[in-house]
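Each chain, written out:
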6 protein chains.
Amino acid sequence: MKALGFIEVSGVVAAVDALDVMCKSSNVEFVTWERKLGGRMVTVIVTGTVSDVTEAVECAKRNAQAPVMASNVIPNPHDETVRMVKLSASRLVGKL
Amino acid sequence: MKALGFIEVSGVVAAVDALDVMCKSSNVEFVTWERKLGGRMVTVIVTGTVSDVTEAVECAKRNAQAPVMASNVIPNPHDETVRMVKLSASRLVGKL
Amino acid sequence: MKALGFIEVSGVVAAVDALDVMCKSSNVEFVTWERKLGGRMVTVIVTGTVSDVTEAVECAKRNAQAPVMASNVIPNPHDETVRMVKLSASRLVGKL
Amino acid sequence: MKALGFIEVSGVVAAVDALDVMCKSSNVEFVTWERKLGGRMVTVIVTGTVSDVTEAVECAKRNAQAPVMASNVIPNPHDETVRMVKLSASRLVGKL
Amino acid sequence: MKALGFIEVSGVVAAVDALDVMCKSSNVEFVTWERKLGGRMVTVIVTGTVSDVTEAVECAKRNAQAPVMASNVIPNPHDETVRMVKLSASRLVGKL
Amino acid sequence: MKALGFIEVSGVVAAVDALDVMCKSSNVEFVTWERKLGGRMVTVIVTGTVSDVTEAVECAKRNAQAPVMASNVIPNPHDETVRMVKLSASRLVGKL
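Predicted model, so just to flag it, every value in this text is computed and none were measured. (Residues numbered from 1 in each chain as written. Chains lettered and ligands numbered in written order. Predicted model: local features only at pLDDT ≥ 70, side-chain atom pairs only at ≥ 80, totals over all residues. Heavy atoms only, no water.)

**Things to note about the overall build of chain A**
Selection criterion: Helix and strand assignments follow DSSP, with helices taken as H or I runs no shorter than four residues and strands as E runs no shorter than two, numbered in order from the N terminus. Only C-alpha atoms enter the radius of gyration, while the globule expectation follows 2.2 Å times N to the 0.38, with N the number of residues.
Scanning chain A from N- to C-terminus turns up 3 helices and 4 strands. Each helix and strand of chain A, placed in order from N terminus to C terminus, yields the pattern β-α-β-β-α-β-α. On C-alpha atoms alone, chain A measures out to a radius of gyration of 12 Å, which is about the 12 Å that the 2.2 N^0.38 rule sets for 96 residues. With the C-alpha coordinates of chain A rotated into their principal frame, the extents come out at 30 × 30 × 25 Å.

**Looking at the packing of helix α1 (residues 12-25) of chain B against helix α2 (residues 50-63) of chain B**
All names here are of chain B. Heads up, the rule is: Only the contacting stretch of a helix is used when fitting its axis, a line to C-alpha atoms as for every element, and angles between N-to-C directions run 0 to 180 degrees. For classification purposes, angles smaller than 35 degrees are called roughly parallel, those larger than 145 roughly antiparallel, those between 65 and 115 roughly perpendicular, and all remaining angles oblique. Each crossing gets its handedness from the near helix: less than a right angle anticlockwise from the far helix is left-handed, clockwise is right-handed. Note on contacts: a residue pair qualifies if any of its non-hydrogen atoms lie within 4.5 Å across the two residues. By the convention adopted, Pro, Cys, Tyr, Trp, Phe, Met, Ile, Leu, Val and Ala count as nonpolar, Lys, Arg, Asp and Glu as charged, and the other residues, Gly among them, as polar.
Contact geometry of α1 with α2 gives a least axis separation of 8 Å together with a crossing angle of 130°. Here α1 is positioned oblique relative to α2, judged by the angle of their axes. Here α1 runs over α2; the crossing is right-handed. Facing Ala18, Val21, Met22 and Ser25 of α1, the residues of α2 in contact are Glu55, Ala56, Val57, Cys59, Ala60 and Asn63. For the contact of α1 with α2, the class distribution of residues is 7 nonpolar, 2 polar and 1 charged.

**Here's the deal with the nonpolar core**
Inclusion rule: Nine residue types can take part in a nonpolar core, namely buried Ala, Val, Leu, Ile, Met, Phe, Trp, Tyr and Cys, and a core is a set of them joined through side-chain atoms within 4.5 Å. Accessible area is worked out with a 1.4 Å probe on protein chains only. A residue is then buried under 20% of its type maximum, exposed over 50%, and partly exposed in between.
In this structure, Ile7, Leu19, Met22, Phe30 and Val44 of chain E together with Met84 of chain F are the most contacted members of the largest nonpolar core, which totals 36 residues. Elements that contribute at least two residues to this core include exactly β1 (3-10), α1 (12-25), β2 (29-34), β3 (41-48) and α2 (50-63) of chain E together with β1 (3-10), β3 (41-48) and α3 (79-90) of chain F. Residue contributions to this core peak at 9 residues, all from α1 of chain E. Those residues in contact with valine 44 of chain E that lie beyond four places of it in its chain are Gly5, Phe6, Ile7, Ala15, Leu19, Met22, Phe30, Thr32 and Trp33 of chain E together with Met84 of chain F.

**Re the interface of chain A and chain F**
Note: interface size is frequently given as the accessible area lost on complex formation between the parts. Counted only if it meets this: Here the quantity called buried area is the total loss of accessible area, with a 1.4 Å probe, experienced by two parts when brought into contact, counted for both. Here, a salt bridge means any side-chain nitrogen of Lys or Arg that lies within 4 Å of a carboxyl oxygen of Asp or Glu. Whenever a nitrogen or oxygen atom comes within 3.5 Å of another N or O atom, the pair is scored as a polar contact, on the condition that within protein one atom can donate a hydrogen and the other can accept it, and that pairs from neighbouring residues in sequence are kept only if both atoms are in side chains.
Counting residues at the interface gives 28 residues for chain A, matched by 26 residues for chain F. With both sides pooled, the region where chain A packs onto chain F buries about 2300 Å², and carbon together with sulfur makes up 66% of that total. Summed over the three residues of chain A that lose the most area to chain F, namely Leu37, Met84 and Leu87 of chain A, the buried surface amounts to 29% of that side. Our count for the contact surface shared by chain A and chain F stands at 1 salt bridge. The salt bridge partner of glutamate 34 of chain A is arginine 35 of chain F, with a shortest N-O separation of 2.6 Å. There are 13 residue pairs in polar contact (both at pLDDT 80 or more) connecting chain A and chain F. Listed by contribution, the elements that provide at least two residues to the side of chain A that touches chain F are β1 (3-10), β3 (41-48), β4 (70-74) and α3 (79-90) of chain A. For the side of chain A that touches chain F, the leading source of residues is α3 of chain A, giving 9 residues.

**As for the sheet that holds strand β4 (residues 70-74) of chain F**
All names here are of chain F. Defined as follows: When DSSP locates at least two bridges between a pair of strands, those strands are taken to pair.
An order of β2-β3-β1-β4 is seen for the 4 strands of this open sheet, with the pairing classed as antiparallel. The open sheet has two free edges, formed respectively by β2 (29-34) and β4, since each of these has just one partner strand. Strand-to-strand twist across the sheet, computed as the mean angle between neighbouring axes with direction ignored, equals 15°. Across 5 bridges, the pairing between β1 and β4 is antiparallel.

**Notes on the arrangement of the chains**
At no point do chain A and chain E touch; the closest pair of C-alpha atoms across them sits 8 Å apart. One finds no contact linking chain C with chain E; the least C-alpha distance across the pair is 8 Å.

**Let's talk about the interface of chain E and chain F**
Between chain E and chain F, the contact holds 26 residues from the first and 28 residues from the second. Buried surface at the junction of chain E and chain F, summed over both partners, amounts to about 2300 Å²; 66% is from carbon and sulfur atoms. Here chain E is connected to chain F by 1 salt bridge. On the surface where chain E and chain F come into contact, there are 13 residue pairs in polar contact (both at pLDDT 80 or more).

**Let's talk about the environment of threonine 49 of chain D**
All names here are of chain D. Position of threonine 49 among the secondary structure elements: in the loop between β3 (41-48) and α2 (50-63). With 44 residues separating them in the primary sequence, threonine 49 and glycine 5 have C-alpha atoms 9.8 Å apart. Ignoring any residue separated from it by four or fewer positions in sequence, one finds threonine 49 in contact with Lys2 and Ala3.

**Observations concerning the relation of the copies chain E and chain F**
Stated formally: Each copy is superposed on the other by least squares, with the fit set by C-alpha atoms of residues at a pLDDT of at least 70 in both.
With an RMSD of 0.0 Å, the operation that places chain E on chain F is a rotation of 60° combined with a shift of 0.0 Å along the axis. A rotation of that kind, with that shift, is consistent with a six-fold axis. Considering only C-alpha atoms, the part of chain E nearest the rotation axis is glycine 38 of chain E, at 4.5 Å. The residues that chain E uses at the interface reappear at the interface of chain F in only 15% of cases, marking distinct surfaces.

**Here we look at α2 of chain B**
All names here are of chain B. The cut-off we apply is this: The span one expects for a helix is its residue count, reduced by one, times 1.5 Å. The arc in question is traced by the directions running from the helix axis to the C-beta atoms.
Over its 14 residues, α2 runs 20 Å from end to end, which matches the ideal 20 Å to within 8%, given 1.5 Å per residue. Burial in α2 covers these residues: Asp52, Val53, Ala56, Val57, Cys59 and Ala60. End-on view of α2: buried residues confined to an arc of 160°, all on one side of the axis. Turned more than 90 degrees off the buried face of α2, the exposed positions are Ser51 and Arg62.

**Brief notes about the pattern of salt bridges**
Under the criterion given, the structure shown has 36 salt bridges over all chains. The shortest N-O distance in the salt bridge between arginine 83 of chain A and glutamate 80 of chain A comes to 3.0 Å. Pair noted here: arginine 83 of chain A and glutamate 80 of chain A are both in helix α3, with a separation of 3 residues, about one helical turn. Among the residues examined, glutamate 80 of chain A registers a relative accessible area of 12% and is labelled buried. Overlapping salt bridges, with partners in common, bring together Glu34 and Arg91 of chain A together with Arg35 of chain F in one network.

**Thoughts on the relation of the copies chain A and chain F**
Superposing chain A onto chain F takes a rotation of 60° combined with a translation of 0.0 Å along the rotation axis, leaving an RMSD of 0.0 Å. Interface overlap between copies is the fraction of interface residues in one copy that are interface residues in the other; for chain A against chain F it is only 14%, indicating separate surfaces.

**Some points on the confidence of the model for chain A**
Spelled out, the test is: You can read pLDDT as the predictor saying how much it trusts each residue, on a scale of 0 to 100.
Across chain A, the average pLDDT comes to 95, with 98% of residues at 70 or higher. Reported confidence for the predicted complex is 0.94 by ipTM and 0.94 by pTM.

What follows is the structure, given as structure tokens:
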């Protein structure tokens, strides 16, 4: 897995909008999302090269419909970090 | 998948009402809903042509029983965006 | 499916009470309930003829133990609306 | 099913305590509980004769550790009400 | 099942810490936990002799990292109470 | 199982960031996470030697993006504590 990009917004409308903005701004892929944290918070995680992920997250912060509450880019995620993210993504595998 | 329309309201009564308003206003189909975000928020996602989806979302904002907290129309969703929405919808497949 | 009636209350005690009031006031059937929206909100959905559903929802508003936070009657639900409600009900099928 | 008794309290400690108080005060049986409503609310439902259920609920209100936020006794629950309660209980069946 | 001890704290860090304090203070066993009540509340239930459970709960209140929001000791739980607690524990059975 | 380290933060962005900081600071492994407590709280649990876990938790507190709301190091967790943590981790087993 390459770099990981993260954004956190309020609600699913904002989350899908932010993902669309990110994927249209650069070459990133959707990895997983978390949406049962309470307080309406939704997390979207994407992957790609460091520059693509950075551009995507910056674009979401500038152009997405709703304010981005938290964001991060991890250029070189540790193996354990990748494992945690893959565990989140694993519940989506085989569903499409 | 064609255009995607999104509305977010408080509670299931408002969500079903908004869907009914949308489907009666133009030719849109129900895609999926999310209702475990906390804070009573419910998201409804519909699909159709850009003009049908736009009309549906505008109608929900004008005529639905409860205020629409957030809304969006994505005329040409990115493939990754479609994938995220289909993952949400996939848990409903085969249930009817 | 005929008309749909909806009420939203705070908590399960109020929800079961309201359902009991509705079913004793007119000839309606329990369709489904939603109770994981957060904020203690519970939605109860019933079905029947328009007049029965209207009477049931009015009765719940007048006579139920707890205040009804939101309510609605959809006399002629759109097919997509029926599908959304049936998807909610489908998780209950085969359990009794 | 005979009469139904309901109490709603904050948290699982209070819920188990209230059930214990109810079952020791009169001849009632545990039917089901709901605990994912948000806001820490927990609902406990018991069944028995009208007088036993009434006594149990009154006892919980007088003697349980924590305040009872909501309570109800339905002496002769409608068939649809019984069905809704049994659907809640059905997820517990076969687990012991 | 012997006596039951209960503590309720805010968050999983506090819950695991309290369990560790309880198990090191006296001879009690972990029975189950509940952690999806909302509002970050976590309940931990232990079992043992009355004196062991009492000592464990008192120790958690004195020495655990975080304040104990609610606690209880039921020296002789009713059969129905034991059944409710075992139903909570049953979802953990066979997982280790 | 060796020492256990715990941190609690607000949101998944902060949780993954804190895990990455911990794993890069010392030789710890990801054990499990809890993220449905409500109020956006996320708990991350790691394991390793006492000194590695202590260093990891301290590093997360110093260097992670978001404030650590709660943290703990249990140098010699009781067997029952290990069992509770393994039960949390067991839902992740076999997913990768």
